[in-house]
Amino acid sequence: MRRCVVRRAWCVGIAFVLACQARAGAGNGAKTTREFNGQTAFTYIEQQMAFGPRVPNTPGHDKMGDWLAAQLRQRADTVIVQTFTPKTSKGVTLRLRNFFARFRPEATDRVLFLAHWDTRPKADKSANLGQQQLPVPGANDGASGVAVLLGVADALKARAPGIGVDLLFVDGEDYGDFNDSTETLLGARYFAAHLPAGYTPLFAVLFDMVGDKDLQFLQEGWCSEYGRSPTSSVTDRCSRREPARPSPTIMCHCSRRVSTRSMSSTSHFRIITRPKTQ
Ligand SMILES: [Zn+2]
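Residues numbered from 1 in each chain as written. Predicted model: local features only at pLDDT ≥ 70, side-chain atom pairs only at ≥ 80, totals over all residues.

**Concerning the overall build of the protein**
Right, on to step 1. For the protein, the count of helices and strands is nine helices and five strands.
Right, on to step 2. Reading the secondary structure of the protein in the N-to-C direction produces α-α-α-α-β-β-β-α-β-α-β-α-α-α.
Right, on to step 3. Within the protein, the fraction of its 278 residues that count as buried is 43%.
Right, on to step 4. Restricting the contact set of the protein to residue pairs at least 6 apart, pairs at least 24 apart contribute 74%. (Helix = DSSP H or I, 4+ residues; strand = E, 2+ residues; numbered from the N terminus. Buried ≥ 20, exposed ≤ 12 C-beta atoms within 10 Å, placed from the backbone. Contact = placed C-beta atoms within 7 Å.)

**Comments concerning the packing of helix α3 (residues 38–49) against helix α5 (residues 139–158)**
Packed helices, taken two at a time, are described by their axes: the angle between them and the distance between them.
Right, on to step 1. The interhelical angle for the contact between α3 and α5, taken along N-to-C directions, is 135°, at an axis separation of 8 Å. In terms of their interaxial angle, α3 and α5 are classed as oblique. When the axes of α3 and α5 are compared, the crossing they make is right-handed. Here α3 contributes T40, A41, F42, Y44, I45, Q48 and M49 to the contact with α5, which in turn contributes A139, A143, S144, V146, A147, V148, L150, G151 and D154.
Right, on to step 2. Across the contact of α3 with α5, the residue classes break down as eleven nonpolar, four polar and one charged. (Axes fitted to C-alpha atoms, helices over the stretch in contact; angles between N-to-C directions. Parallel < 35°, antiparallel > 145°, perpendicular 65-115°, else oblique. Left-handed = near helix turned anticlockwise from the far one by under 90°. Nonpolar A, V, L, I, M, F, W, Y, C, P; charged D, E, K, R; others polar.)

**A word on the confidence of the model for the protein**
Do not read the fine detail of predicted coordinates wherever pLDDT is low.
Right, on to step 1. With 67% of its residues at a pLDDT of 70 or more, the protein has an overall mean of 77.
Right, on to step 2. Predicted confidence for residues 234–278 stays below pLDDT 50, and this span has 104 contacts to residues more than four positions away or in other chains. (pLDDT = per-residue confidence, 0-100.)

**Observations concerning the pairing of strand β4 (residues 164–170)**
Right, on to step 1. The buried fraction of β4 amounts to six of the seven residues, a majority that puts the element mostly inside the structure.
Right, on to step 2. Relative to β4, strand β3 (residues 110–116) is paired through seven bridges, and the arrangement is parallel. Note that in β4 the partner of L114 across the bridge is L168.
Right, on to step 3. Taken together, β3, α5 and β4 constitute a β-α-β crossover, and its handedness is right-handed. (Pairing = 2+ DSSP bridges. Right-handed = clockwise from strand over helix to strand, strands pointing away.)

Right, dumping it as structure tokens:
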């Protein structure tokens, strides 16, 4: 969860692009269109919550994974399931699944959006001592990012994207102590170590904890360290149409240019490779 607070700022947004498109149309008097249906996305949070906590090795986690796989198969061109069973430093073997949903899988130019679908087994950072040993419900921390990506999947199914788009739902991200690499970011590490052949997305964006009542998205420090972020490009594009304005529909992002090798070895995950030639 603590890591999630940080990673909340790692997100980006197709919603940003969609919002800009909508504003551009509105500014010209044209009919405003929204390809992302927020109300529908909210129902995806409710459906996840109905499973209870989605903690690995629990029935709620199993049901959630089955549900998510079914949702993705109804929308994506291709769905790849990565099943893996890592063992934690405490000797617990976890049954985990990553879901990799691809739109236009044949396209060379691709972008990647990610969210984790598991939830924390303990609310150890809760200000309420009585809750610290209880599972996190995961409406914000877990379900919100998944809901956004499912909403994106709806939009992509309704209208195929001009480039390839991949949605990655990682598992085992929030299982335990973020100082223990055997308990956290497990799905991301596994994916980084088992990439599709030649996989080099233009950029990647992680969504997590995007359901706050009062959202704030900050530029993530890794972005400036590893290169110009896709958010900057999106902001530039938007500002040519009209001034960018803060909006709940605007997500920030993260772009890291790292090699496959460093991806698989870094304690933070993430992708983002191949900057467009420049
Ligand atoms: Zn999280």
